[in-house]
Structures are given as C-alpha cells and as structure tokens.
Amino acid sequence: MRSLSQYIEHQIVKMVKRFFDTIATRTRAGFFAAFFLLFISYLLTYLSTRKVLSQNYWLNHTTQVAHNLDNISSFITKSESAFRGYALTGNKIFLADYEDNISNTDSTISELKKLFNDNAWQLKSIDTLSFLAQQKFLWIEKNISEYSAKSDTFHSLKITEEGVDKTKIIETQIYNMKQEESTLWTERFKNVSQYSQLILILNIISIIIAVLLTIYSLIVYNKENKAKRAASKSSGQYKEELQTKVNQLADLNTELIELRSLEKYSATGRIARVIAHEVRNPLTNINLATEQLSAEIESTNNTEMLITMITRNSERINQLVSDLLNSTRQSELSYSSVSLNELLDKSVSLATDRIKLKKIEVVKNYEKEICDISVDVEKLKIVFLNIIVNAVEAMDDKGLLELATFKKNTKCFVQISDNGKGMSKHEVDRLFEPYFTTKTNGNGLGLANSQNIILSHRGSISATSEEGKGTTFTISFPFD
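Fair warning: this is a prediction, and the values are worked out from it, not measured in the lab. In every chain, residue numbers begin from 1 and rise along the written sequence. Given that this is a predicted model, residues contribute local features only at a pLDDT of at least 70 and side-chain atom pairs are listed and counted only at 80 or more, while totals for whole chains, interfaces and linings are drawn from all residues. Hydrogen atoms and water are omitted, and side-chain values are computed over all heavy atoms in the structure.

Chemist: Just checking my understanding: could you explain the overall build of the protein for this structure?
Modeler: By definition, any uninterrupted DSSP run of H or I lasting at least four residues is a helix, any uninterrupted run of E lasting at least two residues is a strand, and each is numbered from the N terminus. Counting its regular elements, the protein contains 10 helices and seven strands. Here the term buried applies to any residue with accessible area under 20% of the maximum for its type, exposed to any over 50%, and partly exposed to those in between, with areas from a 1.4 Å probe on protein chains only. Taken across its 480 residues, the protein has 32% of its residues classed as buried. It only takes one pair of heavy atoms within 4.5 Å for two residues to be counted as in contact. Residue pairs at least 24 apart in sequence account for 80% of intrachain contacts in the protein once pairs closer than 6 positions are excluded. A total accessible area of about 30,800 Å² is found for the protein, and carbon and sulfur atoms account for 57% of it. Exposure was quantified through the Shrake-Rupley algorithm and a 1.4 Å probe, taking into account, for residues, occlusion by the shown protein chains and nothing else.

Chemist: Hey, could you run me through the nonpolar core in this one?
Modeler: Side chains of nonpolar character tend, in soluble globular proteins, to be buried together. Here, the term nonpolar core denotes a set of buried Ala, Val, Leu, Ile, Met, Phe, Trp, Tyr and Cys residues that are joined through side-chain atoms within 4.5 Å. In this structure, Phe384, Leu401, Ile416, Ile475 and Phe477 are the most contacted members of the largest nonpolar core, which totals 38 residues. When contributions to this core are tallied by element, the ones reaching two or more residues are helix 6 (340–350), strand 3 (372–375), helix 8 (377–394), strand 4 (400–408), strand 5 (411–418), helix 10 (446–456), strand 6 (460–466) and strand 7 (470–478). Those residues in contact with isoleucine 475 that sit more than four places away from it in its chain are Val383, Phe384, Ile387, Cys412, Phe413, Val414, Ile454, Ser460 and Ile461. Residues Tyr86, Ile126, Leu132 and Ile144 belong to the second largest nonpolar core, which totals 24 residues.

Chemist: Looking at this structure, how should I read the packing of helix 6 against helix 8?
Modeler: Packed helix pairs are characterised by how far apart their axes lie and by the angle those axes make with each other. Axes here mean lines fitted to C-alpha atoms, for a helix over just the part in contact, with angles spanning 0 to 180 degrees between N-to-C directions. Between helix 6 and helix 8, whose axes approach to 9 Å, the crossing angle comes to 55 degrees. Relative to helix 8, the element helix 6 is oriented oblique. The two elements helix 6 and helix 8 meet at a crossing, and its hand is right-handed. Seen from helix 6, the contacting residues are Leu340, Leu343, Leu344, Lys346, Ser347, Val348 and Leu350; seen from helix 8, they are Val377, Leu380, Lys381, Phe384, Leu385 and Ile388. Three classes are used: nonpolar for Ala, Val, Leu, Ile, Met, Phe, Trp, Tyr, Cys and Pro, charged for Asp, Glu, Lys and Arg, and polar for all others, with Gly counted as polar. Each residue belonging to the contact of helix 6 with helix 8 can be placed in one class, and the counts come to 10 nonpolar, one polar and two charged. When an angle is under 35 degrees it counts as roughly parallel; over 145 it counts as roughly antiparallel; between 65 and 115 it counts as roughly perpendicular; any other value is oblique. Handedness of a helix crossing follows the sense of rotation of the near helix relative to the far helix, less than a right angle counterclockwise being left-handed and clockwise being right-handed.

Chemist: Could you clarify how one ought to interpret helix 2 (residues 93–115) in this entry?
Modeler: An α-helical segment advances 3.6 residues per turn. Residues three or four places apart therefore align on the same side. A helix's residues, less one, multiplied by 1.5 Å, set its expected span. For helix 2, spanning 23 residues, the distance from its first C-alpha to its last is 34 Å, which sits close to the expected 33 Å at 1.5 Å a residue. Three or more residues of helix 2 are buried, namely Tyr98, Asn101, Ile102, Thr105, Thr108, Ile109, Leu112 and Leu115.

Chemist: It is not clear to me how a negative patch on the surface should be interpreted in this structure. Could you clarify?
Modeler: Candidate patch residues must exceed 30% relative accessible area and have no salt bridge, after which like charges are joined if within 9 Å and Val, Leu, Ile, Met, Phe, Trp or Tyr side chains if within 5 Å. What makes a salt bridge here is a side-chain nitrogen of Lys or Arg within 4 Å of a carboxyl oxygen of Asp or Glu, nothing more. Counted charges follow a simple rule, with Lys and Arg positive, Asp and Glu negative, and His plus the chain ends left uncounted. By convention, charge coordinates are those of NZ in Lys, CZ in Arg, CG in Asp, or CD in Glu. Side chains of Asp97, Glu99, Asp100 and Glu141 sit close together on the surface and give a patch of like negative charge. The greatest single-element share of the negative patch, amounting to three residues, is contributed by helix 2. For glutamate 99, the location among the structural elements is in helix 2.

Chemist: Which parts of the structure should I look at to understand the sheet that holds strand 6?
Modeler: Pairing between sheet strands relies on hydrogen bonds along the backbone, with the strands arranged either parallel or antiparallel. Taken in spatial order, the five strands make up an open sheet running 2-4-5-7-6, and their pairing is mixed. What marks the edges here is a single partner per strand, and that holds for strand 2 (361–365) and strand 6. Mean inter-strand twist for the sheet, computed between neighbouring axes without regard to direction, equals 15 degrees. With five bridges connecting them, strand 2 and strand 4 associate as parallel partners. The residue bridging asparagine 365 from the neighbouring strand is alanine 404, located in strand 4. Paired strands are those between which DSSP finds at least two bridges.

Chemist: Even after reading the chapter, I still don't get the packing of helix 8 against helix 10, so can you show me in this structure?
Modeler: For the pair helix 8 and helix 10, the least separation of the axes is 9 Å and the interaxial angle reads 145 degrees. Judged by the sense of rotation from one axis to the other, the crossing of helix 8 with helix 10 is left-handed. Only Gly446, Leu447, Ser450, Ile453 and Ile454 of helix 10 make contact with helix 8, whose side of the interface consists of Lys379, Leu380, Val383, Asn386, Ile387 and Asn390. A per-class count over the contact of helix 8 with helix 10 returns six nonpolar, four polar and one charged.

Chemist: Is there a simple way to think about helix 10 in this case?
Modeler: Where burial is concerned, most of helix 10 is hidden: nine out of the 11 residues are buried. Taken from the residues just after helix 10, arginine 458 is the one with a positive phi, measuring 60 degrees.

Chemist: How do you make sense of unusual backbone geometry when you look at a structure like this?
Modeler: Among all residues except glycine, the phi angle is most often negative; among peptide bonds, the trans geometry is most common. You will see that lysine 359, though not glycine, has its phi angle at about 55 degrees, which is positive. On the secondary structure map, lysine 359 appears in the loop between helix 7 (352–357) and strand 2. Residue classification places lysine 359 among the exposed residues on the basis of a relative accessible area of 56%.

Chemist: Just checking my understanding: could you explain a nonpolar patch on the surface for this structure?
Modeler: Side chains of Leu200, Ile204, Ile207, Ile208, Val211, Leu212, Ile215 and Ile219 sit close together on the surface and give an oily, nonpolar patch of about 740 Å² of accessible area. Checked against the element boundaries, isoleucine 215 lands in helix 4 (residues 161–296). According to the relative accessible area criterion, isoleucine 215 is partly exposed, its value standing at 43%.

This is how it looks when you write it as structure tokens:
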C-alpha cells in the first residue's frame with residue numbers, strides 16, 4: 001500500500017513537471033521570436049542614432065567655424081580701431097589692445113585649421129585668410145612706426161585707400177568661407193532630417209512589435225492559466241499537507257526531546273539518591289571512627305593533622321553529595337505572578353558589575369505585550385543570573401549580550417545569547433549533566449541545578465552553540 005502511494009505521488013509530480021515544461025517551451029519560442037524582432041529594430045535604431053549623432057557633430061562643426069570666422073573679422077577690426085586710437089591720442093594702452101587682438105587672431109586661425117583638417121578647400125582658404133590678416137597687420141605696424149615719428153598726430157589720421165582695400169579683401173574671404181560652410185550645413189541638415197524620419201519609423205515598428213508581444217503574452221497566459229491554476233492548487237494542497245505533517249513531526253520531536261530530558265533527569269535523580277545513601281552510610285562510620293580515635297589516642301602534631309585531613313575530606317564528600325542531591329531533587333517552589341521582562345531585568349542588574357568590568361554591550365529585544373507567568377521569582381533569578389554570568393565569562397572584552405522575550409502558541413520564551421567562544425556539539429550534548437563543566441574552576445552543577453528549577457516549573461531549557469561564534473540558551477514557560 002505504501003509503495004503504491006509513493007508511485008502515485010511520483011506520477012503526479014512527473015505529470016505536473018511535464019505540463020509546466022510544455023508551457024515553458026511554447027512561451028520561450030514566442031518570446032524568443034518577439035525578442036529577435038525587437039533586437040533587430042533596436043539595432044537599426046542604434047545605428048540610425050549613431051548616424052544622427054555624427055551629423056549633429058558636423059552641424060556643431062559648422063556653427064563653430066562661423067563663430068570663429070566672425071571672431072577673426074572682429075579681432076582685425078578691433079586691431080585697426082586700436083591703431084587709430086593710438087594715432088589719435090598717442091596713448092600706448094591702445095597698442096596693448098592691438099597686440100592682444102593679433103594674438104587672438106593667430107590662435108583662432110590655428111583652431112580653424114584643426115576644424116578644417118578634413119576639408120582641403122577650406123584649408124587652402126584659411127591659409128589665404130591667414131596671409132591676408134598678416135598683410136593687414138604689417139600695414140598697420142608700418143603706419144604705427146611712421147605715426148610714432150611724427151609730432152602732428154592729427155595729421156597722421158589720414159585714411160588711406162590701401163587699408164580699406166585690405167579690410168574688404170579679408171571680409172570677402174571670410175564671407176566666401178562662411179558660404180561654403182553654409183552649403184555644407186544645408187546638406188548635412190537634409191541628412192539629419194532623413195535619419196530622423198528613419199528613427200521615427202523604427203520607433204513605430206518597435207511599438208507595434210511590443211503591442212503584438214503583449215497580445216501574444218495575454219493569449220498564452222489565458223490559454224494555459226486555467227490548467228496551471230488547477231495544477232498549482234493540487235500542488236499547493238499537497239504542499240500544505242506535507243508542511244502540516246512536518247510541523248506535527250517537529251512538535252513531536254520537541255516533545256520527545258523534553259521527555260528524554262525528563263527521563264534523563266529522573267534517572268540521574270535516582271542514581272544520585274542511591275549514591276548518596278551508599279556513600280553517606282560508610283561516611284558516617286568514618287566520621288564516628290575518626291571522633292573515637294581522636295578521643296582515645298594521644299594527641300600529637302601528626303595525629304591532629306591526619307584527623308583534620310580525614311574530617312575535612314569527609315565534609316567535602318558530604319557537601320558534594322548534598323550538591324548532587326539538590327541538583328536532582330524536585331524543588332519546592334513559592335509561586336507568584338510576575339512579568340517575564342521585569343524578572344529578566346532584575347537578573348541582569350545582579351550581574352551589572354561583571355558586565356561593566358568587561359565592557360559588555362547589552363541589547364534587549366523584549367516583546368512589550370508579554371504575558372505574566374506564575375513562578376518562583378528568587379529561584380528563576382538564580383537560573384537567569386547563572387546563564388548571564390556564564391555568557392559574560394565566555395566573552396572577551398566589549399562582547400555582545402542579547403536578551404529577548406517572546407510568546408508562541410501557549411508558551412512564553414526567553415533567549416539569552418552571547419558572541420563568545422562557543423562550544424562543540426559534544427559539549428552541548430553534555431551541558432546539563434551534573435559535574436560536567438568547561439570552566440577550569442567550575443563544579444559542573446550550576447546548569448544542572450538550573451535545569452532542575454526550570455523543569456520544576458513545567459518549563460524547558462535548551463542550548464545551541466557554534467565554536468567561535470557564541471551560544472544561545474532558550475527557556476520556555478507555560479502561560480500563567
């Protein structure tokens with residue numbers, strides 16, 4: 001019966017997988033075709049845009065050429081104005097302006113030569129313009145030299161036809177070069193317009209493809225969605241059933257662990273009582289014999305030392321047996337209702353000195369609406385303080401101690417975590433055994449006694465740890 005059930009489940013899984021594979025194949029084929037069309041469309045758009053950007057560069061090129069040619073005309077005009085100002089006033093400040101305009105003209109002509117690097121006609125034209133500008137500047141410098149030697153400055157302002165002619169020639173040359181650039185600009189603008197139309201067409205095609213792709217997606221979705229919903233519903237129900245079984249198994253496993261802890265605790269208690277009975281009887285005889293010997297034999301330094309040694313070790317054995325019994329005996333509790341958050345705060349305050357000494361950071365994540373619990377407050381303080389002290393001792397300076405409270409189902413929970421050295425799995429498994437300890441000066445009864453107190457409250461305590469990362473204790477109590 002079990003194998004038949006497994007076979008049916010296996011066949012259902014195969015059928016669902018085959019169905020989704022069919023949907024995926026159809027969907028992939030359709031989307032691949034649409035993607036290919038969109039890719040071609042966007043590739044053409046990209047190439048067209050690159051061409052438009054190229055044409056845009058040339059349009060900017062024409063604008064820069066026209067601007068620089070206008071600047072050259074302006075610089076030459078300002079140079080002549082500066083010369084006339086000097087001739088009129090004799091102020092040499094005008095000569096400085098004249099020199100600046102010559103420099104600006106030379107630099108602008110150099111910039112134009114770079115712009116005309118791929119245009120032979122314009123390169124030849126700019127060379128001609130450069131020659132004409134030099135002739136103009138030479139003529140001005142010649143007149144400056146002549147006018148500087150004369151004392152009658154007003155007489156030197158006679159306008160010669162030679163200067164006017166040179167200026168007209170330069171302006172004509174600039175005009176011809178601007179016309180050439182204007183012609184090129186008109187041709188390039190036509191090209192840009194053509195490519196803009198192409199981009200518009202490609203964008204319209206892309207939109208159409210996107211719309212068709214959307215329609216196709218809706219058709220595929222509507223066609224397959226009904227069967228998909230049915231399969232998903234069956235899969236979801238199966239998943240929910242499986243999750244329910246997993247949760248039930250987890251709850252049973254938790255209960256089993258708690259029962260094993262109780263069984264282990266009970267067995268330890270029985271063994272402890274047997275050991276206490278079997279040890280204390282001969283121990284009583286040893287004590288009586290020691291007292292008798294002490295009264296009968298002659299007292300010397302050696303005899304007193306030996307009797308004291310026997311008495312001290314007898315008392316130590318008796319105390320160890322008492323501690324073992326206390327750690328396994330059902331605690332007598334004095335119940336009172338208290339807030340779990342408040343109880344945890346009081347326990348932390350008892351370890352304040354240790355926490356401050358090692359500069360430990362304490363982080364509290366308390367649930368505000370946590371329920372009250374009915375517990376023995378003083379005994380639980382011992383439990384919490386014991387775990388907190390262990391956590392502080394496991395951490396280096398400036399460690400992190402995290403305290404959290406929360407409620408789940410019918411229980412309240414406390415979590416105490418540190419980022420100390422942690423423990424191995426073997427150490428965690430033996431953590432609550434009497435006389436087991438990882439400390440050099442510990443007696444191994446602190447956590448055993450803490451477990452005894454928690455179990456007496458019908459609660460549970462567990463620990464998880466990872467070496468090098470820290471340890472977390474989780475304690476649960478039933479609702480008040």
